[in-house]
Amino acid sequence: MPHTKRRRLVTTAVAVSLGATALAACGSGDDSKAESGPVSLTYWTWTPGMDKVVDLWNKGPGKKEQITVTVKKQASGDTLVTKILTAHKAKKAPDLVQAEYQALPTLVSNDALADVSEDVDGVKEKFAEGVWQQTTLGTDAVYAVPQDIGPMMFYYREDLFKRYGLKVPTTWEQFAETARQLKKKAPDKDLTTFSANDSGLFAGLAQQAGAKWWTTSGDKWKVGIDDAATRKVAEFWGGLVKEGVIDNQPMYTPSWNKALNTGKQIAWVSAVWAPGTLNTAAPDTKGKWAMAPLPQWSAEQDVTGSWGGSSTAVTTDSAHKGAAAKFAVWLNTDHDALNALAKEGGIYPASTSAQLSGAFSNPPAYFSNQPDFYTKAAGIAKTTAPASWGPNVNVAYTSFKDAFGAAAKDKSDFAAALRKMQDDTVADMKKQGFGVSR
């Protein structure tokens, strides 16, 4: 099938380091450098308040550059990815799109995103290496500019840890022992829960352990979801669930909210955006939580995973790629733009310089008891492990929810659930026409 062949060829171009040349022809930004006169761009995004942020551009740099951007609010997640691909097939995709990092390989393998490497000189240094890597897919090309990130951290009830004589775990071995200690001292409480309704949490934990779920070799993909690092994570959490020292219920339910609010669960492995969730889920415990780095697999390590985050990308359908790239850089590196994004959209910026200024000079109101919250968060963010995404993350995530959801509920073999996730992902890639090596 022509479409299958095209997808395989484009994927090959992404897979190899010199593959940027295959996309450079449609992704080069030199078109805008030669053009003159007003330029109008359309930006698809789900971030709240983005229209107010874009107004700063339109009234300032955009007015000077004669580049006007119009925001079109969209749904997020797979819904937006599907809409972008549908529009691209008709050659009617917008100039700019907000894209989660894990969606980039899918969009690139469908030739929907332009390589803007010629338009982002000097921008790489403004982001942590592990974050920037997610926008290059391991090539010399640049398919997006990082916008927000979700470095993972450990949240705990400071007052209850003190009451039960618990120490904040710095390793996962200590984390397991802390769960056991709490269960002995307070059988009606759990340190936390293993939840299968948000695949991003498990993906971030696997990243921290060194997992590389998708890699490429020549013109083929290799799926490593069932690799040693991820098996270690799966067996660790599966063991705690089977032992009964942590809960096995999903997050974001009324029951989970109540457990956090009443102190039935006294810790949560989450990301930098957790204060907003805790404020809604556990309003009565404001000022009683504290944040610490994620436990490590060995005492010598200092690395965290990523849970969430998105970027700003330029599509191959844009007639003004250079102008669009110029806006994407401004949006995600300019001081005023980032402050507005934090205020209006509630994002935690990928830009390292913005993580300690403006809106992040003071701690979140929910964590007023921890003045150094954002200072500590910025330090943790720098240790973000590189992520390795592939062209069918949605399939892997769905399989995770099904397989691990059943395993958590039944307290059965997490390793078997991981193998199911691997097999489902490989089968789907082959069905789509991707070359897959063992």
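You'll find the structure just up there.
To keep things clear, this report deals only with the structure shown in the data block. (Residues numbered from 1 in each chain as written. Predicted model: local features only at pLDDT ≥ 70, side-chain atom pairs only at ≥ 80, totals over all residues. Heavy atoms only, no water.)

Digging into the packing of aromatic side chains
Per the stated rule, a full pass over the model turns up 40 aromatic pairs. The interplanar angle of 55° and the centroid separation of 5.0 Å between the aromatic rings of Tyr156 and Phe161 together place this pair among those described as tilted. Of the residues examined, Tyr156 reaches a relative accessible area of 11% and is grouped as buried. Ring geometry for Phe194 versus Phe404: centroids 6.3 Å apart, planes at 40°, classification tilted. Here Phe194 is found in the loop between α10 (172–185) and α11 (199–208), whereas its partner Phe404 is found in helix α18 (residues 393–410), with 210 residues between them in sequence. Judged by relative accessible area, Phe194 falls into the buried class, the value being 5%. We classify Phe404 as buried; its relative accessible area is 0%. Taking the ring centre of Trp44 as reference, the NZ or CZ of Lys83 above it sits at 5.1 Å. (Phe/Tyr/Trp six-rings, centres within 6.5 Å; stacked < 30°, edge-to-face > 60°. Buried < 20%, exposed > 50% of the residue type's maximum accessible area, 1.4 Å probe, protein only. Helix = DSSP H or I, 4+ residues; strand = E, 2+ residues; numbered from the N terminus. Lys NZ or Arg CZ within 6 Å of the ring centre and 35° of its normal.)

A closer look at the pattern of salt bridges
Per the counting criterion, the structure on display carries nine salt bridges. Among the ionic pairs, Lys326 bridges to Glu65, the shortest N-O distance being 3.4 Å. Highlighted residues: Lys326 in helix α15 (residues 321–333) and Glu65 in helix α5 (residues 61–65), separated in sequence by 261 residues. Using a relative accessible area of 37% as the deciding quantity, one classes Glu65 as partly exposed. Each of the salt bridges in this network shares a partner with another, and the network as a whole consists of Glu177, Arg180 and Glu243. (Salt bridge = Lys/Arg side-chain N within 4 Å of Asp/Glu carboxyl O.)

Considering helix α17 (residues 373–381)
Three or more residues of α17 are buried, namely Phe373, Tyr374, Ala377, Ala378, Ile380 and Ala381. For α17, the buried positions fall inside an angular range of 160° around the axis, keeping them on one side. (Arc of directions from axis to C-beta.)

What to know about the nonpolar core
Membership of the largest hydrophobic core comes to 145 residues, with the highest contact counts inside it found for Phe194, Trp213, Trp214, Trp237, Val269 and Phe404. Setting aside residues up to four positions removed in sequence, Phe194 forms contacts with Phe202, Trp237, Val241, Ile246, Asp247, Asn248, Gln249, Phe400, Phe404, Ala408 and Phe414. (Core = buried A, V, L, I, M, F, W, Y, C linked by side-chain atoms within 4.5 Å. Contact = heavy atoms within 4.5 Å.)

Let's talk about the side chain of Lys189
Checked against the element boundaries, Lys189 lands in the loop between α10 and α11. If near-sequence neighbours (up to four positions away) are discounted, Lys189 is found in contact with Tyr164, Leu182, Lys183, Thr262, Gly263 and Lys264.

A word on the sheet that holds strand β6 (residues 220–223)
Taken together, three strands build an open sheet; the order of strands is β5-β6-β10 and the sheet is mixed. Looking along the sheet, the strands with just one partner apiece sit at the ends: β5 (214–217) and β10 (436–437). Sheet topology note: the β5/β6 ladder contains four bridges and is antiparallel. Paired with Thr215 across the strands is Lys222, a residue of β6. (Pairing = 2+ DSSP bridges.)

Section: empty space enclosed by the protein
For the structure shown, the criterion picks out four cavities of 30 Å³ or more. In this structure, the largest cavity occupies an estimated 60 Å³ of space. Around the largest cavity, the lining residues are Thr192, Thr193, Phe194, Ser195, Leu201, Leu205, Trp237, Trp268 and Val269. Residue assignment for the lining of the largest cavity shows that the elements contributing at least two residues are α11 and β7 (267–271). Of the residues in the lining of the largest cavity, the class split is six nonpolar, three polar and no charged. (1 Å grid on protein atoms, 1.4 Å probe; cavity = no way out; pocket = protein on both sides within 12 Å on 5 of 7 lines; lining within 4 Å. Points joined across faces, edges and corners; volume = space filled by probe spheres on them. Nonpolar A, V, L, I, M, F, W, Y, C, P; charged D, E, K, R; others polar.)

A closer look at the packing of helix α13 (residues 254–262) against helix α14 (residues 274–281)
Contact geometry for α13 and α14: axes closest at 9 Å, N-to-C directions at 90°. Considered as vectors, α13 and α14 are oriented roughly perpendicular to each other. Where α13 abuts α14, its residues Trp256, Asn257, Leu260 and Asn261 lie against Thr277, Leu278 and Ala281. Looking at side-chain class alone, the contact of α13 with α14 contains four nonpolar, three polar and no charged residues. (Axes fitted to C-alpha atoms, helices over the stretch in contact; angles between N-to-C directions. Parallel < 35°, antiparallel > 145°, perpendicular 65-115°, else oblique.)

Comments concerning the environment of Glu100
Mapped onto the elements, Glu100 comes out in strand β3 (residues 96–100). Each C-alpha atom, one on Glu100 and one on Gln422, is 22 Å from the other, the two residues being 322 residues apart in sequence. Excluding residues that lie within four positions of it along the chain, Glu100 makes contacts with Trp46, Gly77, Gly309 and Ser310.

A closer look at the environment of Tyr43
Position of Tyr43 among the secondary structure elements: in strand β1 (residues 39–45). Tyr43 sits 28 residues away from Val71 along the chain, and the two C-alpha atoms are 4.9 Å apart. Once residues within four sequence positions are removed from consideration, Tyr43 is found in contact with Met50, Val69, Thr70, Val71, Lys72, Leu96, Val97, Gln98, Gln147, Thr312, Phe327 and Leu331. Within polar-contact distance, the side chain of Tyr43 engages the side chain of Gln147 at 3.4 Å. (Polar contact = N/O pair within 3.5 Å; in protein donor to acceptor, adjacent residues only side chain to side chain.)

A closer look at unusual backbone geometry
At Asp111, a residue that is not glycine, the phi angle is positive and equals roughly 60°. In this structure, Asp111 sits in the loop between α7 (104–109) and α8 (129–136). Here Asp111 falls in the buried class, since its relative accessible area comes to 10%. Here Leu137, not a glycine, exhibits a phi torsion of approximately 60°, which is positive. When you line up the elements, Leu137 lands in the loop between α8 and β4 (145–157). On the basis of relative accessible area, Leu137 is assigned to the partly exposed category, the value being 22%.

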